[in-house]
Amino acid sequence: MKKKLAIHHRPGSFSDQWIDYCEQQDISYKIVNCYENDIIDQVKGYRGLMWHISHILPQDILIGKQVMFALEQAGMQTFPNFKTMWHFDDKVGQKYLLEAIDAPFIDTYVFFNKKDALEWANKTEFPKVFKLRGGSGSGNVKLVRSNKDARKLIRKAFGKGFKQRDAYSDIRERIRKYRKGLGDLKLLTGGFYRLFKNHDYEDVKGIEKGYVYFQDFIPGNNYDIRVIVIDDKAFAIKRMVRENDFRASGSGMLHYGKENFDNKIINVAFETSKKLQTQSFAVDFVIHNGKPLVVEMSYGFPNKNFIEGCIGYWDEDLNFYEGDFNPYGWMVNQVIG
Ligand SMILES: Nc1ncnc2c1ncn2[C@@H]1O[C@H](COP(=O)(O)OP(=O)(O)OP(=O)(O)O)[C@@H](O)[C@H]1O
Ligand SMILES: [Mg+2]
């Protein structure tokens, strides 16, 4: 019989809850370190491997997908698997995937040369939304009000490029959080330090250049809705936009009551996740003429605090089950079958 489960443990990540769940359910597991050279050997004979891969840890960026996809191709159950993760932290990849499955996705434009991008900018309407392919918490998302602004971004994209993180937006955001009581003094002072010092992941990922990404701006949304589908169950979070802004993600202003979530949105999330065959699908929606449109997606989401306020979950028939639930356990169940 195959041994059960190997878990890459990073305190503060999903692995905390995976381990708790295995303990509670008497599921045999061993903790591994996927950064070790002989990791493949270490997990031989195991049924599955789980690793909460991060988009801001250098090692995870360098070998997360490679280790996991190698093992999956060799027949192991993994979380996250290929269909769940290949497009993680890659809004450019997501554009093609969401178009390919005919998802209700906001019209999105990606260019790989300056001439095409400039020609498009001359003809299109504004505002648009500019994004880098990676990033979270709205950090790399900007409103582009005019052709002139777009041309500036296009020239930069095909010139010196963009850093992974805009340190000045970062510090402004930390000041906002501090003022609102959403962040402590450490978060604030850390921002000043980070004006001068890159995070290691920024140096590993390097400069973003050679492409430019724009999306139609969907006006009139003072929130976005994030739905998370795991193992045919869904839960949702409403995120309010920041003051004098259009961006919700990272605002820290969250609502969980069931009245915030239209069945239509939950249903589109289920349908899209089904088409994509994902193990874990966190998808952001805004509303356009009464219809939910996908903004972007991710297999991951902030651990614990972010979803602690959820009061229940839906099944695929949109029945709602009020009470505590354990989405981290749902992840484990999908791997061990
Ligand atoms: N095309 C758009 N039209 C209107 N609002 C948008 C659009 N794209 C993004 N937004 C708003 O900006 C926020 C951030 O955008 P997006 O989710 O693409 O970035 P992100 O930094 O990857 O966020 P996350 O932390 O959710 O991964 C969204 O939460 C939404 O409120
Ligand atoms: Mg988002």
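In what follows, the structure referred to is the one given above.
Everything quoted here is computed from the prediction, not taken from an experiment. (Residues numbered from 1 in each chain as written. Chains lettered and ligands numbered in written order. Predicted model: local features only at pLDDT ≥ 70, side-chain atom pairs only at ≥ 80, totals over all residues. Heavy atoms only, no water.)

1. Some thoughts on the overall build of the chain
Counting its regular elements, the chain contains 13 helices and 15 strands. For a compact globule of 337 residues, the expected C-alpha radius of gyration is about 20 Å, and the chain comes in at 20 Å, within 12% of that figure. Seen through its C-alpha atoms, the chain measures out along the principal axes to roughly 65 × 45 × 45 Å. Burial statistics for the chain: of 337 residues in total, 51% are counted as buried. Accessible area of the chain: about 16500 Å², with a carbon and sulfur share of 49%. (Helix = DSSP H or I, 4+ residues; strand = E, 2+ residues; numbered from the N terminus. Rg over C-alpha atoms; globule rule 2.2 N^0.38 Å. Buried < 20%, exposed > 50% of the residue type's maximum accessible area, 1.4 Å probe, protein only. Areas by Shrake-Rupley, 256 points an atom, 1.4 Å probe, with all protein chains shown as cover.)

2. Description of the coordination of the magnesium ion (ligand 2)
Coordination of the magnesium ion (ligand 2) by the protein involves Asp284 (OD) and Glu296 (OE), with metal-donor separations of 1.9 Å. In this pair, Asp284 sits in strand β12 (residues 280–288) while Glu296 sits in strand β13 (residues 291–298), placing the two residues 12 residues apart along the sequence. The class of Asp284 is buried, set by a relative accessible area of 2%. (Donors = N, O, S within 2.8 Å, 3.2 Å for Na, K, Ca; no water.)

3. Considerations on the site of ligand 1
Surveying the vicinity of ligand 1 reveals 24 residues, the closest of which are Lys91, Gly137, Ser138, Asp224 and Ser249. Ser249 places a side-chain nitrogen or oxygen 2.4 Å from an oxygen atom of ligand 1. Within the side chain of Asp284, an N or O atom sits 2.9 Å from an oxygen atom of ligand 1. Against a free-state accessible area of 610 Å², the protein chains account for coverage of 96% of ligand 1. If you list the elements that add at least two residues to the shell around ligand 1, you get β6 (128–131), β8 (212–216), β9 (223–230) and β13. For the shell around ligand 1, the per-class residue count stands at eight nonpolar, seven polar and nine charged. When we break the shell around ligand 1 down by domain, the ones giving at least three residues each are domain 2 (103–216) and domain 3 (223–329). (Near = heavy atom within 4 Å. Polar contact = N/O pair within 3.5 Å; in protein donor to acceptor, adjacent residues only side chain to side chain. Nonpolar A, V, L, I, M, F, W, Y, C, P; charged D, E, K, R; others polar. Domains from an automatic or database assignment.)

4. Some remarks on empty space enclosed by the protein
Per the stated rule, a full pass over the model turns up two cavities of 30 Å³ or more. When its volume is computed, the largest cavity comes out at roughly 40 Å³. Lining the largest cavity are Ala236, Tyr256, Gly257, Lys258, Phe261, Cys310, Ile311, Gly312, Trp314 and Phe320. For the lining of the largest cavity, a count of residues per class yields seven nonpolar, two polar and one charged. Here the second largest cavity defines a volume of roughly 30 Å³. Lining the second largest cavity, in full, are Lys91, Leu132, Gly134, Gly135, Ser136, Gly137, Ser138, Gly139, Asn140 and Val141. Residues of the lining of the second largest cavity, tallied by class, amount to two nonpolar, seven polar and one charged. (1 Å grid on protein atoms, 1.4 Å probe; cavity = no way out; pocket = protein on both sides within 12 Å on 5 of 7 lines; lining within 4 Å. Points joined across faces, edges and corners; volume = space filled by probe spheres on them.)

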